[in-house]
Amino acid sequence: MHIDIITIFPEFFTSPLDCSIVARAQQSGVVDVVIHNLRDYTNDKHQVVDDYPYGGGAGMVMKPEPLVRAVDNLLSQAPADTPVVLLTPQGQRLDQAKAQEMSGQQHLILICGHYEGIDERVRQTVVTEELSIGDYVLTGGEPAALVIIDAVIRLLPGALGNPGSVHSESFADGLLEHPQYTRPAEWRGMKIPDILLSGHHENIRRWRRKQTLRRTLERRPDLLKSAKLTEEDNKLLTEIKEAAQPEVVAGQENTDE
Ligand SMILES: C[S@@+](CC[C@H](N)C(=O)[O-])C[C@H]1O[C@@H](n2cnc3c(N)ncnc32)[C@H](O)[C@@H]1O
């Protein structure tokens, strides 16, 4: 996959793209992330990318010419159906399904806004999608771009050391993941659930599934409405509701079985 990011702060991306899974994915050729300085697409001496808003009001607005010049240039070297994604709090909210969909693209172009945002005509001319990372306002699109490419890159084949984790994680099947434990088996008086030491794979699978359903029911019941639940899931949910046991009491997980 190739990802182009248009920004007025290229340095923002240096450290985040240089560590962990995202760095490894670039080194191994899973993804190619290229940062483009919007100022390189200006024609004036001072490389101006913003101007006052028509009609008055606070702040500045990003000018259309450099942005569209940048996008046109990148599109001329990209497949015809390349999405041009504007980061904006007014866009579709990013979720795992959207990240999954984007991970199937060959090429992405992301536009980071700043100030009061971009001239509306850029949106009308070259933008094909608008994405938000949540209902709050950032100073610029750069943190949003990083969130999006992180969520997308880890879904690319070859990006994760253990690709299996992608399938069992929160939101992979529309539910939240079960709790995780590592060594030591007892810490600060808290023991891990016995079942995890049993070595009985089927019982462990069932326990984890029940915890997944319990967590989702307690924290995000809205997710259960759209999740594809099996007969076993429904049975486990009935058990959870009937038992109606609290999830964590003073740091001790309820282990059910
Ligand atoms: C201060 S914001 C502009 C907000 C704009 N005036 C509005 O009210 O919708 C500056 C830039 O940050 C980015 N941004 C801010 N919040 C965002 C969010 N929740 N998701 C994605 N991008 C965001 C966008 O690129 C935006 O153009």
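Residues numbered from 1 in each chain as written. Predicted model: local features only at pLDDT ≥ 70, side-chain atom pairs only at ≥ 80, totals over all residues.

Draft legend 1. Quick peek at the overall build of the chain. Each helix and strand in the chain was counted, giving 9 helices and 11 strands. A compact globule built from 257 residues would reach a C-alpha radius of gyration of about 18 Å, whereas the chain, at 23 Å, exceeds it by more than 25%. (Helix = DSSP H or I, 4+ residues; strand = E, 2+ residues; numbered from the N terminus. Rg over C-alpha atoms; globule rule 2.2 N^0.38 Å.)

Draft legend 2. A look at the site of the ligand. Every one of the 19 residues lining the ligand counts as a neighbour, but Leu87, Gly113, Leu138, Gly141 and Ala144 are closest to it. The biggest single contributor to the shell around the ligand is strand β5 (residues 84-93), with 4 residues. When grouped by side-chain class, the residues that make up the shell around the ligand number 8 nonpolar, 10 polar and 1 charged. (Near = placed C-beta within 6 Å. Nonpolar A, V, L, I, M, F, W, Y, C, P; charged D, E, K, R; others polar.)

Draft legend 3. Inspection of the pairing of strand β1 (residues 2-7) at higher detail. Most of β1 sits inside the fold, with 5 of its 6 residues counted as buried. Bridge analysis of β1 against strand β2 (residues 32-37) gives 6 bridges, and the strand direction is parallel. Paired with isoleucine 6 across the strands is histidine 36, a residue of β2. Between the parallel elements β1 and β2, the chain passes through helix α1 (residues 20-27) in a crossover that is right-handed. (Buried ≥ 20, exposed ≤ 12 C-beta atoms within 10 Å, placed from the backbone. Pairing = 2+ DSSP bridges. Right-handed = clockwise from strand over helix to strand, strands pointing away.)

Draft legend 4. Structural detail: the nonpolar core. Leu67, Val85, Leu87, Leu110 and Ile111 are the most contacted members of the largest nonpolar core, which has 40 residues in total. For this core, the elements supplying multiple residues, two or more each, are β1, α1, β2, α2 (64-75), β5, β6 (107-111) and α5 (142-153). Considering each element in turn, this core owes the most residues, 6 residues, to α5. (Core = buried A, V, L, I, M, F, W, Y, C linked by C-beta atoms within 7 Å.)

Draft legend 5. Highlighting the packing of helix α7 (residues 201-219) against helix α9 (residues 231-243). α9 packs onto α7 with a crossing angle of 60° between their chain directions and a minimal axis gap of 9 Å. Note on packing geometry: the crossing formed by α7 with α9 is right-handed. Contact residues: Arg209, Lys210, Leu213, Arg214 and Leu217 in α7; Asp233, Leu236, Leu237 and Ile240 in α9. Broken down by class, the residue content of the contact of α7 with α9 amounts to 5 nonpolar, no polar and 4 charged. (Axes fitted to C-alpha atoms, helices over the stretch in contact; angles between N-to-C directions. Left-handed = near helix turned anticlockwise from the far one by under 90°. Contact = placed C-beta atoms within 7 Å.)

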